[in-house]
Amino acid sequence: MGKDDVKLLSMWASPFCMRVKVALAEKDIPYEEILENNLLGGKTELLLKSNPVHQQVPVLLHDEKPILESTNIVTYIDEVWPSKPLLPTCAYEKARARFWADYIDRKVHPAGRAIWTAKGEDELEAAKKAFLDILMFLDGTLGDKDYFSGENFGFVDILLIGLTSWFPAFEKYGSFTVEEHYPRLAAWITRSYARRTVSESLANPEKIINFVVMLRQMFGIE
Ligand SMILES: N[C@@H](CCC(=O)N[C@@H](CS)C(=O)NCC(=O)O)C(=O)O
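Cut-offs applied
Residue numbers restart at each chain and count upward from 1, following the sequence in its written direction. The predicted origin of the model limits local features to residues at a pLDDT of at least 70 and limits the giving and counting of side-chain atom pairs to 80 or more, whereas totals for whole chains, interfaces and linings rest on all residues. Side-chain numbers come from the whole structure's heavy atoms, not from hydrogens or water. In the sections that follow, a salt bridge refers to a side-chain nitrogen of Lys or Arg positioned within 4 Å of a carboxyl oxygen of Asp or Glu. Each helix is a run of H or I in the DSSP string that is no shorter than four residues. Each strand is a run of E no shorter than two, and both are numbered from the N terminus. In this scheme, a residue with accessible area under 20% of its type's maximum is buried, one over 50% is exposed, and one in between is partly exposed, where area comes from a 1.4 Å probe on protein chains only. The rule for a residue being near a molecule or strand is that one of its heavy atoms must lie within 4 Å of it. Any N or O atom pair separated by 3.5 Å or less is treated as a polar contact, with the protein-specific requirement of one donor-capable and one acceptor-capable atom, and with residues adjacent in sequence counted only for side-chain atom pairs. All accessibility values rest on the Shrake-Rupley procedure with a 1.4 Å probe; residue burial counts only the protein chains present in the view. The nonpolar class holds Ala, Val, Leu, Ile, Met, Phe, Trp, Tyr, Cys and Pro. Asp, Glu, Lys and Arg form the charged class, and all remaining residues, Gly among them, are polar. Candidates for patches are residues over 30% relative accessible area with no salt bridge; among them, like charges are joined within 9 Å and nonpolar side chains (Val, Leu, Ile, Met, Phe, Trp, Tyr) within 5 Å. Charged residues are defined narrowly, with Lys and Arg counted positive, Asp and Glu counted negative, and His plus the chain ends left uncounted. A single reference atom marks each charge: NZ on Lys, CZ on Arg, CG on Asp, CD on Glu. A pair of strands is labelled paired if DSSP reports no fewer than 2 bridges between them. Axis definition: a line fitted to C-alpha atoms, over the contacting stretch in the case of helices. Angles run 0 to 180 degrees between N-to-C directions. Contacts were defined at the residue level, with two residues in contact if any of their heavy atoms lie within 4.5 Å. For this analysis, a ring pair means two rings from Phe, Tyr or Trp (six-membered ring only for Trp) whose centres lie within 6.5 Å, classed as stacked if their planes differ by under 30 degrees, edge-to-face if by over 60, and tilted for the remaining angles. In this analysis the charged atom, NZ for Lys or CZ for Arg, is taken to sit over a ring once it is within 6 Å of the ring centre and within 35 degrees of the ring normal.

Asks: Teacher, can you tell me more about the pattern of salt bridges here?
Replies: A side chain with one charge can pair with a side chain of the opposite charge if their charged atoms come near. One pass over the full model with this rule turns up 13 salt bridges. With its nearest N and O atoms 2.8 Å apart, the salt bridge here joins Asp105 to Arg19. Here Arg19 lies in helix α1 (residues 15-26) and Asp105 lies in helix α4 (residues 91-116), a separation of 86 residues in the sequence. With relative accessibility at 1%, the residue Arg19 sits in the buried group. As a salt-bridge pair, Arg195 and Glu26 come within 3.0 Å of each other at their nearest N and O atoms. You can see Arg195 sitting in the loop between α9 (183-193) and α10 (196-199) and its partner Glu26 sitting in helix α1, a full 169 residues away along the chain. Taken together, the shared-partner salt bridges in this structure form one network comprising Glu26, Lys84 and Arg195.

Asks: Would you mind going over the site of the ligand with me for this structure?
Replies: The local shell around the ligand consists of Ser14, Phe16, Leu39, Lys43, Gln56, Val57, Pro58, Glu69 and Ser70. Between the ligand and Gln56, the relevant distance is 2.9 Å, taken from an oxygen atom to a side-chain nitrogen or oxygen of the residue. Ser70 places a polar side-chain atom, nitrogen or oxygen, 2.6 Å from an oxygen atom of the ligand. For the ligand, whose unbound accessible area comes to 510 Å², protein coverage reaches 71%. A class-by-class count of the residues in the shell around the ligand yields four nonpolar, three polar and two charged.

Asks: Honestly, the environment of Thr44 in this entry has me stumped. Any pointers?
Replies: Relative to the helices and strands, Thr44 is located in the loop between β2 (32-35) and α2 (45-50). C-alpha of Thr44 to C-alpha of Gly140: the two residues are 96 residues apart in sequence and 42 Å apart in space.

Asks: Looking at this model, I keep getting lost on a negative patch on the surface. Mind explaining?
Replies: On the surface, a cluster of negative charge is made up of Glu121, Asp122, Glu123 and Glu125. Summarising the element assignment, Glu125 is placed in helix α5 (residues 121-142). On the basis of relative accessibility, which here comes to 40%, the residue Glu125 falls in the partly exposed class.

Asks: Just checking my understanding: could you explain the sheet that holds β2 for this structure?
Replies: Where strands meet in a sheet, backbone hydrogen bonds hold them as pairs that are either parallel or antiparallel. Within the open sheet, the four strands sit side by side as β2-β1-β3-β4. Their pairing is mixed. At either end of the open sheet lies a strand with only one pairing partner, and these are β2 and β4 (65-68). With direction set aside, neighbouring strand axes in the sheet form an average angle of 25°. Pairing of strand β1 (residues 6-10) with β2 involves four bridges; the strand directions are parallel. Each bridged residue has a counterpart across the sheet, and for Leu8 the counterpart in β2 is Glu33. Relative to the sheet, α1 contacts β1, β2 and β3 (59-62), its axis offset from that of β1 by approximately 155°.

Asks: Is there a simple way to explain the packing of aromatic side chains in this structure?
Replies: Both the distance between ring centres and the angle between the ring planes are used here to describe each pair of aromatic rings. The full count for this structure, using the stated rule, is 13 aromatic pairs. Taken together, a centroid distance of 6.4 Å and an interplanar angle of 35° make the contact between Trp116 and Trp166 tilted. Here Trp116 is found in helix α4, whereas its partner Trp166 is found in the loop between α6 (155-164) and α7 (167-174), with 50 residues between them in sequence. Neither Trp116 nor Trp166 differs from the other in exposure class; each is buried. With centroids separated by 5.2 Å and ring planes inclined at 80°, the aromatic side chains of Phe148 and Trp188 adopt a geometry described as edge-to-face. Residue Phe148 is located in the loop between α5 and α6, and its partner Trp188 is located in helix α9; the two are separated by 40 residues in the primary sequence. Taking relative accessible area as the criterion, Phe148 reaches 4% and is therefore assigned buried. Overall, the relative accessible area of 0% leaves Trp188 in the buried class. In this structure an aromatic cluster arises from ring pairing among Trp12, Trp116, Trp166, Phe211 and Phe219. Of note, Lys172 hangs over the ring of Tyr173, and the distance from its end group to the ring centre comes to 5.3 Å. The lysine or arginine in question, Lys207, covers the ring of Trp12, its NZ or CZ lying 4.5 Å from the ring centre.

Here it is as structure tokens:
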């Protein structure tokens, strides 16, 4: 493991990059973070060469080979560094984890974005309801377990926890708290943030809120 050359093309506020950082930390994999903090202003040659299709971060460079898309990267990390598995080993549980990973990928971030980009009260109310309905299903599948697959923090937890870094911004613009609607899910967030691998990998929520304030001004929403 020590001989691997691992680099992460990353942007500080990207919830998708935070997922990969948590996975690398959970596996204790040393890596170099290369920040692409000017995504809106211009992308580096390294990013364009590594991800010509989507031109997005995160990109994991493993011995200079690019691996793309955060969920795909977390899966790759789990396969290449198999100690302390993130995905369950049982086929049924693995299929279940992949189902929820796909649900989270498709639904959570776009629904949150719809809240802070909403124009007018009706649009905001609809966006907020749609977001809370998604959380309802996630809360239901978490149930009374500590983590999505049971006792251990794993694949689904990593994919969702990265995205929760933006939840305080969604809460601010939607005037709600996850805690008041889904206390079990809120407790899962607190439990997960207590892990060093999470707290060290996620951006400060205040900074994300300020970033969203800036994006809203840029998009002419303010
Ligand atoms: N589905 C991708 C989403 C990645 C993504 O949206 N990255 C954003 C930063 S959060 C990005 O690079 N945006 C620049 C752009 O789209 O031009 C993943 O899971 O990795």
